[in-house]
Amino acid sequence: MNQRSVLIIYTGGTIGMVADPRSGALHPMDLSHLEEQVPELDRMKVRLGAVSFDQPIDSSDMRPADWVRIARIIGEHYDAYDGFVVLHGSDTMAYTASALSFLLEGLNKPVVLTGSQLPIGTIRTDAKENLITAIEVAAACDQHGRAVVPEVAVYFEYSLYRGNRTVKVHAERFEAFRSPNHPRLAEAGVHLKYDLAAILTHRTTGLKVHDRMDDNVGVLRLFPGIRAEWVRHALATPGLRAVVLTTFGSGNGPTDSGFIEALRTARERGITVVNVTQCFGGRVEQGRYVTSQAFVELGVLSGGDMTVEAAVAKLMFLLGEGLDGPALARAFGTSLCGEVSG
Ligand code: ASP
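Here the structure is a predicted model, which is why all the values come from computation and not from measurement.

Enquirer: Sorry, what's going on with the site of the ligand here?
Expert: Looking at the ligand, the residues that line it are Gly 13, Thr 14, Asp 58, Ser 59, Gly 89, Ser 90, Asp 91 and Ser 116. Between Asp 58 and the ligand, the recorded distance is 2.9 Å, taken from a side-chain N or O atom to a nitrogen atom. A distance of 3.3 Å separates an oxygen atom of the ligand from a polar atom in the backbone of Ser 116. With the chains in place, 89% of the 270 Å² that the ligand exposes on its own is no longer accessible. For the shell around the ligand, a count of residues per class yields no nonpolar, 6 polar and 2 charged.

Enquirer: Help me understand the sheet that holds strand E1 (residues 4–10), please; the structure alone is not making it clear to me.
Expert: The strand order E4-E1-E5-E7-E8-E9-E12-E13 describes an open sheet built from 8 strands, whose pairing is mixed. Every other strand in the sheet has two partners, leaving strand E4 (46–52) and strand E13 (192–194) as the edge strands with one partner each. Shown here is a sheet whose adjacent strand axes are inclined to one another by a mean of 20°, direction ignored. When E1 meets strand E5 (residues 83–87), the two strands line up parallel, connected through 5 bridges. Bridged to Leu 7 within E5 is Phe 84. Sheet strands touched by helix H2 (residues 64–76): E1, E4, E5 and strand E7 (111–114). Its angle to E1, the strand with the most contacts, is close to 155°.

Enquirer: I tried to follow the sheet that holds strand E18 (residues 301–302) on my own but got confused; where do I start?
Expert: In sheet architecture, strand pairing relies on hydrogen bonds along the backbone and comes in two forms, parallel and antiparallel. Here 4 strands make up an open sheet; going across it, the order is E15-E16-E17-E18 and the pairing parallel. Each of the sheet's edge strands pairs with one partner strand only, and the pair in question is strand E15 (217–221) and E18. Two strands pair when backbone bridges link them, and strand E16 (residues 242–247) and strand E17 (residues 272–277) are joined in this way by 6 bridges, in the parallel orientation. Bridged to Thr 246 within E17 is Val 276.

Enquirer: Explain the pattern of salt bridges to me, please; I cannot follow it from the model alone.
Expert: Pairing between side chains of opposite charge can happen when their charged atoms approach one another. Counted by the stated rule, this structure contains 16 salt bridges. Notably, a salt bridge pairs Glu 151 with Arg 162, separated by 2.7 Å at the nearest N-O pair. Here the residue Glu 151 occupies a position in the loop between helix H4 (127–139) and strand E8 (152–156), and Arg 162 occupies one in strand E9 (residues 159–162), the gap between them amounting to 11 residues. Ionic pairing is found between Lys 314 and Glu 339, a salt bridge with its closest N-O pair at 2.5 Å.

Enquirer: Would you take a moment to explain helix H8 (residues 308–320) for this structure?
Expert: For an α-helix, 3.6 residues make a turn, and residues three or four places apart therefore share a direction. A rise of 1.5 Å per residue sets the reference length of H8, with its 13 residues, at 18 Å; its end C-alpha atoms lie 18 Å apart and thus fit the reference within 8%. Counting buried positions along H8 gives 13 out of 13 residues, so the element sits mostly inside the fold.

Enquirer: What is the right way to look at the environment of Thr 92 in this model?
Expert: Mapped onto the elements, Thr 92 comes out in the loop between E5 and helix H3 (93–103). By relative accessible area, which is 17% here, Thr 92 ends up buried. Along the backbone, Thr 92 and Thr 114 are 22 residues apart, and their C-alpha atoms lie at a distance of 11 Å. Apart from the residues lying within four places of it in its own chain, the contact partners of Thr 92 are Ser 59, Ser 60 and Met 62.

The rules behind each value
- Residues numbered from 1 in each chain as written.
- Predicted model: local features only at pLDDT ≥ 70, side-chain atom pairs only at ≥ 80, totals over all residues.
- Heavy atoms only, no water.
- Near = heavy atom within 4 Å.
- Polar contact = N/O pair within 3.5 Å; in protein donor to acceptor, adjacent residues only side chain to side chain.
- Areas by Shrake-Rupley, 256 points an atom, 1.4 Å probe, with all protein chains shown as cover.
- Nonpolar A, V, L, I, M, F, W, Y, C, P; charged D, E, K, R; others polar.
- Pairing = 2+ DSSP bridges.
- Helix = DSSP H or I, 4+ residues; strand = E, 2+ residues; numbered from the N terminus.
- Axes fitted to C-alpha atoms, helices over the stretch in contact; angles between N-to-C directions.
- Contact = heavy atoms within 4.5 Å.
- Salt bridge = Lys/Arg side-chain N within 4 Å of Asp/Glu carboxyl O.
- Expected span 1.5 Å × (residues − 1).
- Buried < 20%, exposed > 50% of the residue type's maximum accessible area, 1.4 Å probe, protein only.

None of the figures reported here should be taken as evidence of function without further support.
What follows is the structure, given as structure tokens:
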């Protein structure tokens, strides 16, 4: 079998930081120094290529245009590599992974996002293991030479997850991610054990890279005592097209008439409202309690067991594709690439 090849795309984040020898301050390293930092790369039986953002960024500065930029890089190099590793800050990695899963329609090769909690140059760093195993996953193939993981995934601290199911759960622990509503795609121990039943099947349509995201989307987190006036102002934001309402339990909210009226006005103005639970796991079931009946009446869309990250990226993607009204509602309720359970 031919040697496998992986393209590393460096966008920024802690993983690529090195300390200035004089001041000790962290700054992004030049990607050409990667093999100096991780000499083990030389011993991997994978042909590596690398591209970098001109200005690597902290992932808190990632914007939808940057997601499109990463998708385009993958599209441009798609035929030349067997898999892709995106080095990215962990803070907003779950959003980028979700967005890429929608932008890369028909993806049939691995796109593995990884990063680290400690910079690659520090002694106790988690970056080396994350990088080396992410490359291994991106290069992995079956006996027919087909990718084992033909989807967008996140690899962090011995676990591989479906990208659009991940949530960052810890600011300090090496085990920083979880996928509450979908099993891990693989676990790295002595062996790299894949759960093939949890991984998307191969797609045969060919890759189509989408390049539009509409960021006129908001997130409104409910809390006991939330004031209707506040909700009204948020929903009156000029240009707003869709809102992710993060609700209590199985999709519940206050029955207070001021709150319901604020939602009704937004719906009458054509704003799409989707319901995603604040709970870490489980799903929205609108209408199960009286406290979610108004959502059904107002045509609020259930997010099922989607994460907030996936819901935000999916709305930006669908709006960017020009969808609206019933077509948007249908597409939002359909699993496009495993982001929601049926
Ligand atoms: N603030 C950093 C970032 O998200 C943290 C990290 O890389 O993990 O870019």
